[in-house]
Amino acid sequence: MKTPAKITTAAIAVVVCGAIQGAALNVIPAPNSIVEKEGVFTGNIAEAISYEMDGAIPEEGYRLVVETNSLKVAYSTEAGKFYAMQTLAQLRSQEGVPCVEIVDAPRFKWRGVHWDDCRHFMGKEALLKTLDAMALNKLNVLHWHLTEDQGWRIEIKKYPRLTEVGSIRPGSPLPVVLKDPSCQTYWQNNNIPYGPFYYTQEDIKEVIAYATARHITIIPEIELPGHALAAISAYPQLGCTGEQFDPWWHWGVSEHIFCGGNDDTIKFLEDVLDEVCELFPGPIVHIGGDEAPKKAWKSCPKCQARIKELGLEGEEGLQGWMTDHFTKYLASKGKRAVGWDEILDGNPGKDTIVMSWRGPGGGINAAKRGNDAVMTPIDPCYLDQVQGIADDPYEYINYGLVITLERCYGFNPTAGIPEEEQAHILGGQGNNWTEYSWNPSEYEWKLWPRMCALAECLWTNLENKDWPDFKRRAAVMRSRLIRERHINCAPIE
Ligand code: ACM
Ligand code: ZN
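Next up on the list: the packing of helix 16 (residues 450–459) against helix 17 (residues 467–485). Closest axis-to-axis distance for the helix 16/helix 17 pair is 10 Å, and the angle between their directions is 125°. It follows that helix 16 is oblique to helix 17 by the angle criterion. In the packing of helix 16 onto helix 17, the handedness of the crossing is right-handed. In contact with Cys 452, Ala 453 and Glu 456 of helix 16, helix 17 contributes Phe 470, Arg 473, Met 477 and Leu 481. Tallied by class, the residues present in the contact of helix 16 with helix 17 amount to five nonpolar, no polar and two charged.

With that settled, the discussion passes to helix 4 (residues 124–136). Count 3.6 residues to each turn of an α-helix, and residues three or four apart come out pointing the same way. With 13 residues, helix 4 ought to run about 18 Å at 1.5 Å a step, and its terminal C-alpha atoms sit 19 Å apart, in line with that. Buried residues of helix 4: Ala 126, Leu 127, Leu 128, Thr 130, Leu 131, Asp 132, Ala 133, Met 134, Ala 135 and Leu 136, and no others. Check the buried side of helix 4 and you find it contacts helix 3 (78–91), strand 6 (110–116), strand 7 (141–145), helix 6 (201–213), helix 15 (440–447) and helix 17. Immediately downstream of helix 4, the backbone of Lys 138 shows phi near 60°, a positive value.

Here we take up the confidence of the model for the protein chain. Summing up the model confidence of the protein chain, the mean pLDDT is 93 and the portion of residues at 70 or higher is 93%. Every residue in residues 1–21 scores below 50 in pLDDT, and together they form 44 contacts with partners more than four places removed in sequence or on other chains.

Where helix 10 (residues 301–310) is concerned, the buried positions are Cys 303, Arg 306 and Ile 307. For helix 10, the angular spread of the buried residues around the axis is 100°, confining them to a single face. For helix 10, exposure combined with an orientation more than 90 degrees from the buried face picks out Pro 301, Lys 308 and Glu 309. Buried residues in helix 10 make contact with helix 8 (263–279), helix 9 (295–298) and helix 11 (314–332). Downstream of helix 10 by a residue or two, Gly 311 has a phi angle that is positive, lying close to 65°.

Here we come to the nonpolar core. Among the nonpolar cores identified, the biggest contains 102 residues, and Trp 115, Leu 142, Trp 144, Ile 154, Leu 162, Phe 280 and Trp 448 are the most heavily contacted of them. It is helix 8 that contributes the most residues to this core, eight residues altogether. Excluding its chain neighbours within four sequence positions, the residues that come into contact with Ile 154 are Leu 146, Thr 147, Thr 163, Tyr 198, Tyr 199, Ile 204, Ile 222, Val 276, Leu 279 and Phe 280. By size, the runner-up hydrophobic cluster in this structure holds 23 residues, among which are Ile 34, Ile 49, Ala 79 and Leu 88.

Below, the discussion takes up the coordination of the zinc ion (ligand 2). Tetrahedral metal sites with four donors have an ideal angle of 109.5 degrees; octahedral sites with six donors have ideal angles of 90 or 180 degrees. Here the zinc ion (ligand 2) is held by Cys 240 (SG), Cys 259 (SG), Cys 300 (SG) and Cys 303 (SG), and the distances to it run 2.3 Å. Each of the four donor atoms bound to the zinc ion (ligand 2) contributes to angles spanning 106 to 114°, and the resulting shape is tetrahedral. Expressed as a motif, the donor residue spacing for the zinc ion (ligand 2) is C-x18-C-x40-C-x2-C. By relative accessible area, which is 3% here, Cys 300 ends up buried. Classification of Cys 303 by relative accessible area gives buried; the value is 0%.

Of the pockets and cavities examined, the largest pocket occupies roughly 640 Å³. Along the walls of the largest pocket sit 26 residues, with Lys 109, Asn 140, Val 141, Thr 217 and Pro 283 positioned nearest its centre. The element contributing the most residues to the lining of the largest pocket is strand 8 (residues 217–221), with three residues. A breakdown of the residues in the lining of the largest pocket according to their chemical character gives 14 nonpolar, six polar and six charged. Looking at the second largest pocket, it is lined by 18 residues, and the ones nearest its centre are Arg 119, Glu 291, Ile 397, Tyr 399 and Glu 435. Among the residues making up the lining of the second largest pocket, the classes are represented as eleven nonpolar, two polar and five charged.

A few words now on unusual backbone geometry. Glycine aside, residues mostly have negative phi angles, and peptide bonds mostly take the trans form. Cis geometry is found at the peptide bond from Asp 379 to Pro 380, where omega equals 15°. Its place among the elements puts Pro 380 in helix 13 (residues 378–381). The peptide bond linking Trp 448 to Pro 449 adopts the cis configuration, its omega dihedral lying at 10°. Note that Pro 449 resides in the loop between helix 15 and helix 16. Here Asn 191, not a glycine, exhibits a phi torsion of approximately 60°, which is positive. Mapped onto the elements of the fold, Asn 191 is located in the loop between helix 5 (161–164) and helix 6. Accessibility expressed as a relative area gives 56% for Asn 191, which makes it exposed. Here the phi dihedral of His 215 falls at roughly 60°; this positive angle occurs in a residue that is not glycine.

The residue Lys 465 is located in the loop between helix 16 and helix 17 in this model. For the buried Lys 465, no salt bridge exists, and the shortest N-O distance to an oppositely charged side chain is 7.0 Å, to Glu 456. Reaching out from Lys 465, the side chain makes a polar contact with the backbone oxygen of Tyr 409 at a distance of 2.8 Å.

Criteria and thresholds
- Residues numbered from 1 in each chain as written.
- Chains lettered and ligands numbered in written order.
- Predicted model: local features only at pLDDT ≥ 70, side-chain atom pairs only at ≥ 80, totals over all residues.
- Heavy atoms only, no water.
- Axes fitted to C-alpha atoms, helices over the stretch in contact; angles between N-to-C directions.
- Helix = DSSP H or I, 4+ residues; strand = E, 2+ residues; numbered from the N terminus.
- Parallel < 35°, antiparallel > 145°, perpendicular 65-115°, else oblique.
- Left-handed = near helix turned anticlockwise from the far one by under 90°.
- Contact = heavy atoms within 4.5 Å.
- Nonpolar A, V, L, I, M, F, W, Y, C, P; charged D, E, K, R; others polar.
- Expected span 1.5 Å × (residues − 1).
- Buried < 20%, exposed > 50% of the residue type's maximum accessible area, 1.4 Å probe, protein only.
- pLDDT = per-residue confidence, 0-100.
- Arc of directions from axis to C-beta.
- Core = buried A, V, L, I, M, F, W, Y, C linked by side-chain atoms within 4.5 Å.
- Donors = N, O, S within 2.8 Å, 3.2 Å for Na, K, Ca; no water.
- Tetrahedral: all angles 85-135°; square planar, octahedral: opposite > 155°, others 65-115°.
- 1 Å grid on protein atoms, 1.4 Å probe; cavity = no way out; pocket = protein on both sides within 12 Å on 5 of 7 lines; lining within 4 Å.
- Points joined across faces, edges and corners; volume = space filled by probe spheres on them.
- Lys, Arg positive; Asp, Glu negative; His and termini not counted.
- Salt bridge = Lys/Arg side-chain N within 4 Å of Asp/Glu carboxyl O.
- Polar contact = N/O pair within 3.5 Å; in protein donor to acceptor, adjacent residues only side chain to side chain.

Okay, here's the thing in structure tokens:
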């Protein structure tokens, strides 16, 4: 009997016997095809399992056949084999593994989680736990936000002050309940130095190895030209004015950005990217591009001279030139650039990937002009927003939106994209910024289980999605993440 993944539990009871009836449907993300059979495998999995390469199976896809006396896995890539094992881990219970035939492959190839270590440093232990949780949910990209106005978090050997100076800020905002809009203490400094917090290159190699073993690609982000105050604090000559600053103790967007007219600043960024490209084996590097105020550039003789010399269209043209320069620089090292959707203002090259965050519009426009895009619109992909659960103890950014689990589950990265352009949509990701997450426990609470919902949107074909059934499975996954990974998960209401 052929049944779609969204078969109901009631229907399953007909074909799956005993105490684990319906267990196949505990899998997140929902597999794209399930045939339930009678019987349960109760033997030794390690002894009974066999593997087979099958070139006809799509990349990252797999076939898993469980019978009462055997388990067979077929795949065409190691990632596919790995995902078959993730499914098996979720099928398995104390009673055994239900007999089943699953044929599965992801809807999208970019299934990401964005991780911000800059505003609050979450650290290696929390990150490794999250990589485990990602693997279980078949998420395969970690977008690692490493540089900001409030802190520089990656060791660069050529420029030691980036971490000696740039990873320490002179305080943080006093925690306050933002739910009280009259509260002003948020803009008071607690005057407690924050840092030094950063990853050494050895730490980063360890994280990369851990991720690689779980078929997760890490995409490092070096923000340019904006969100650069921590770097400018370490090396004031990188900015337009040469002024000395501290990394910001408070949140927001600094007007002091990398000087686009200074050849030494360009060389500095190339040097940083050299070390980043050497360190990270993945094929893509994120070069930021969002929220770069142009005030300092307007009055900077070097920036203005570059605009004039190259005939650029003002300051936006200068940012476009920088994006183009570093995209080509990365290409010369065999890497592809991704940038936030503001880079579209600068007419990026066709190989540049656009990350659509201010809404779906950036991704829609990118696909129209022939660029690949990753969809991560604030609604519903920004997980630092209120999640609409009762008595939530934590603080959130307030965009006036409530991004519930169900709202996340409604995410469709290709909505609004004509069919012939949909191949440009590589996938999507959940973004979790850390201004309002003081520690990993709060951060995890915001990620999970909403990230499970986004994971299913990125893996499971639209026709196989089913909100009530997802909600049931999400409760099982939530218990697993708490029990096995000690991850703090929000309740499912
Ligand atoms: C962003 O949220 N500024 C990309
Ligand atoms: Zn300048």
